[in-house]
Amino acid sequence: MNIDSYYPRIDKNNFYLGLISQVSRDNVVLQVENLSLFNNRKIKQEILIPNTINFFVVIDSAYGIFLGEVYQSKVLGIDSLHKSKSDEKKITVFPEINIDIIGLLGNDEKFKLSGFKTVGITDKVYLANKILVKKYLASIEVNKYEGQKLLKNLAKIGNFDAEFMDLQPNTLFDRHLMAIGTTNSGKSTSALTILDRLLKLNKKVLIIDPTGEYKSAFSNKEIEKLTLGVDTFLSTKYVSEMEWIRLFGIEHNANQSSVLAEAIISLKFQFSQRVSEPLKKEGEKLSLIKGKLNEYVGKNSPFNLELLEEQVKNEAVKDRNGDYVKDGNLYNALLWLLQIISFYKEQTRLITFFREDSNKELFSKIDGFLSKRRKKSLYIDFSQIGVSENIGLVIIDLISNHILNKQREEIDPFVMYIDEVHRYTKSNYENASSLVSIAREGRKKGIFLFLTTQNPKDIPDVLLGQVGSLIIHRLTHPEELKVIQNLVKQKTLSQIQNLNQGEAILTSINLLQDIHLRFIKSSRNHKNDTPIL
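Residues numbered from 1 in each chain as written. Predicted model: local features only at pLDDT ≥ 70, side-chain atom pairs only at ≥ 80, totals over all residues. Heavy atoms only, no water.

Trainee: Sorry if this is basic, but what is going on with unusual backbone geometry here?
Mentor: Residues other than glycine predominantly adopt negative phi, and peptide bonds predominantly adopt the trans conformation. With a phi angle near 75 degrees, R175 is a residue other than glycine that sits in the positive phi range. Note on placement: R175 falls in the loop between α3 (169-173) and β12 (177-180). For R175, a relative accessible area of 26% puts it in the partly exposed group. Not every positive phi belongs to a glycine, and E420 is a case in point at roughly 50 degrees. Of note, E420 is situated in the loop between β18 (414-418) and α14 (434-441). (Helix = DSSP H or I, 4+ residues; strand = E, 2+ residues; numbered from the N terminus. Buried < 20%, exposed > 50% of the residue type's maximum accessible area, 1.4 Å probe, protein only.)

See below:
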């Protein structure tokens, strides 16, 4: 394979830099022939800027043509850079360039990982021209998925103003995708761009939005929009006693958890009897009440959530010779639980979200979305429910569990986009989370996660470990960088703190190497602008 064939219009000697002077397992060193070759120049349509970093070179080797990326340039300390600026002195200075080897050009004209093969000392190095850069971009995806159309023009590539990144959907979403970045780093911009490209390819997307900022970004024609607690509701029968305990945040208090579970069972019985008031236990026979309630333990039955606070008060009883009698000590111990329930009733739309309305039921809407007969995407607005993280956490868990329980044949493959996912994760039961289960098992059923977060520290390790592709925008805190240090190259890590708005690093198990991207703001309406003070 002759390198000359890849420089058909301009002689390759115009791109020449020098010879390989050092080879190691991590990288190679190029000794530039002289300082004059560092001059910036334009030859026809080729713009060459060799005195910086983050550009590509090719090495003509015995094994073939290697592609590398420059990450460091320097003039040796023994050379006086100031004294060598004159043209006659430039030929006596030999700069050094450190290069990461990306891949080796194969017989199929694609660059592939070079494995144990590498370049040799005295191999010639040239600046990569547009032809070789395009071959690299065409080779960047490790796998080829038959029949997949490309997500076009996702972002500009690094320092190439005229080059855009096109990727197969599965390159991004196989093993799931997460976008990370601080506020105003461009995380929402990159997310909206990817969602836009998915919808243009008629890929199905389930969007879960905690703030409502994406609502006006999509038309009713391309996506069905739901607002929880306003036009979409959920039956209480879908929530287990344990999930109610999590929702109210009392899982660490065994006494309160037990009483809450008993109160819910009592209300399930009352609902089945069409009684619209709490079950009074004081003065009743214990055996009689227990006999009535036993069949409702763990049963998926609806109940009147409005009565929960009063029912908890009626649970403050104890057994005395087979009869229920009032227990003042237990009542006092339940005051905190009563305050929690009262807060949720008054400060959130929790009560209005749980309603028995089969025509506006959330899971039936999700079932319609999952169906292979339907190609329309689905948007769910969480913003009206309330600020409590426990509410969103439980609802996400319910949705994830409902989807995961479907058979593969019932699901038309789709992307599940969850914005600000840290709102819906908790380390104390992360392994039991249905979202984690989707991350582990969802791909087999055609469920691909797309998550965003401001801080990777907020994401449980077990969930982060299932993510195969990351879009990393600007991060500044050392602890945040520490979380992702094993996911990117060490040389890349130092650049993350200096990324501008919209700039990002895409790293993936499905890519040949990390890619520097610049996302362009989508034309879709997006209500995420920071107000001016």
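Trainee: Where do I start with the pattern of salt bridges in this structure?
Mentor: Two side chains bearing opposite charge may form a pair once their charged atoms approach each other closely. Applying the stated criterion to the full structure yields 24 salt bridges. Between E420 and K187 there is a salt bridge; the shortest N-O distance is 3.7 Å. With E420 in the loop between β18 and α14 and K187 in helix α4 (residues 187-200), the pair connects residues that are 233 residues apart, well separated along the chain. Taking relative accessible area as the criterion, E420 reaches 10% and is therefore assigned buried. Under the relative-accessibility criterion, K187 is labelled buried at 6%. (Salt bridge = Lys/Arg side-chain N within 4 Å of Asp/Glu carboxyl O.)

Trainee: Teacher, can you tell me more about the side chain of T452 here?
Mentor: With respect to the secondary-structure elements, T452 resides in strand β19 (residues 447-453). A distance of 2.5 Å separates the side chain of T452 from the side chain of D419, its partner in a polar contact. At a separation of 2.9 Å, a polar atom in the side chain of T452 contacts the main-chain amide nitrogen of E420. In this view, T452 contacts A179, K187, A191, Y417, I418, D419, E420 and V421; residues no more than four positions away in its chain are not counted. (Polar contact = N/O pair within 3.5 Å; in protein donor to acceptor, adjacent residues only side chain to side chain. Contact = heavy atoms within 4.5 Å.)

Trainee: So what exactly am I meant to see when it comes to the environment of A333 here?
Mentor: Inspection of the secondary structure assignment puts A333 in helix α9 (residues 328-333). For the pair A333 and N255, spaced 78 residues apart in the sequence, the C-alpha separation amounts to 8.5 Å. Non-local contacts of A333, meaning those with residues more than four positions away in its chain, are made with N255 and Q256.

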